[in-house]
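# Structural features, examined
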Amino acid sequence: MTDDSVRTAYLVKRLEQAVRGHLEAVLRPHGLTTAQYTALTTLRTQPGQSSAQLARHSFVSAQTMQELVTSLQRRGLVEKAPAPRNRRVLHISLTDQGEAALRELDDEVDALEREMLADLDAEQTAAFRAALRACSRRLTHSQAR
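To keep things clear, this report deals only with the structure shown in the data block. Small disclaimer: the values here were computed from a predicted structure and weren't measured.

## Some remarks on the overall build of the protein
When helices and strands are tallied, the protein shows six helices and two strands. Secondary structure elements in the protein, listed N-terminal to C-terminal, are α-α-α-α-β-β-α-α. C-alpha atoms of the protein, sized along the principal axes, occupy 55 × 40 × 25 Å. Each of the 145 residues in the protein was classed as buried or not, and the buried ones make up 26%. Surface exposure of the protein reaches about 10400 Å², of which carbon and sulfur atoms provide 52%. The centroid of the 20 positive side-chain charges in the protein is displaced by 12 Å from the centroid of its 18 negative side-chain charges.

Laid out in structure tokens, this is it:
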């Protein structure tokens, strides 16, 4: 099978699996899973999400997110607070300890990304990132229709 005959979806899945394997190796010594790390990094960029929002942004079910948040809360990495307009909705945010845990991982995750992108120059990397965003946006929007 030549590279041209391989489906793009297959290549994306292979990349996802390779990244996940390397990421798990980085996270394991810190006692985190990739799902927990994804939730924490999502909260870093978009604090104050509900559990349902966080589940969508972290690519897990609402039930799985409930379990993840409970585990992260027990470890002191996240906290919940009632939403100002609807006290039944709880907003989740990183604690200082959660932010510190992410800072500890930043260098290792940056190194992983540098390794992944080592064969691309800055322009190719920017184009790759833009293409991934465009493809993701297209499928996300088409799924919502």
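On we go.
## Things to note about the nonpolar core
Leu40 and Val78 are the most contacted members of the largest nonpolar core, which has 24 residues in total. For this core, the elements supplying multiple residues, two or more each, are helix H1 (8-27), helix H2 (34-45), helix H3 (51-58), helix H4 (62-74), strand S2 (90-94) and helix H5 (96-116).

## Focus on the packing of H3 against H4
One can describe the packing of H3 onto H4 by two numbers: an axis separation of 9 Å at closest approach and a directional angle of 105 degrees. By the angle class used here, H3 and H4 are roughly perpendicular. Contact residues: H3 offers Ser51, Leu54, Ala55 and Ser58, while H4 offers Ala62, Met65, Gln66 and Val69. Taken together, the residues that form the contact of H3 with H4 break down as five nonpolar, three polar and no charged.

Calculation criteria
- Throughout, residues of each chain are indexed from 1 in the direction in which the sequence is written.
- Given that this is a predicted model, residues contribute local features only at a pLDDT of at least 70 and side-chain atom pairs are listed and counted only at 80 or more, while totals for whole chains, interfaces and linings are drawn from all residues.
- To obtain the side-chain values, all non-hydrogen atoms of the structure were used and water was disregarded.
- Think of it this way: any DSSP run of H or I at least four residues long counts as a helix, any run of E at least two long counts as a strand, and we number them from the N terminus.
- The cut-offs for exposure are 20% and 50% of the maximum accessible area for each residue type, with area from a 1.4 Å probe on protein chains only; residues under the lower value are buried, those over the upper are exposed, and the others partly exposed.
- To measure how exposed things are, a 1.4 Å probe is used in the Shrake-Rupley method; for residues, cover is taken only from the protein chains shown.
- The positive count covers Lys and Arg only, the negative count covers Asp and Glu only, and His and the chain ends enter neither.
- Taken as the charge centre is NZ of Lys, CZ of Arg, CG of Asp or CD of Glu, depending on the residue.
- Only buried residues count toward a nonpolar core, which is a set of Ala, Val, Leu, Ile, Met, Phe, Trp, Tyr and Cys residues joined through side-chain atoms within 4.5 Å.
- In this analysis, axes come from line fits to C-alpha atoms, helices being fitted only over the stretch in contact, and the angle between any two N-to-C directions falls in the range 0 to 180 degrees.
- Our angle categories are set so that under 35 degrees counts as roughly parallel, over 145 as roughly antiparallel, 65 to 115 as roughly perpendicular, and the remainder as oblique.
- In what follows, a contact means two residues having at least one pair of non-hydrogen atoms within 4.5 Å.
- Note on residue categories: nonpolar means Ala, Val, Leu, Ile, Met, Phe, Trp, Tyr, Cys or Pro, charged means Asp, Glu, Lys or Arg, and polar means any other residue, Gly included.

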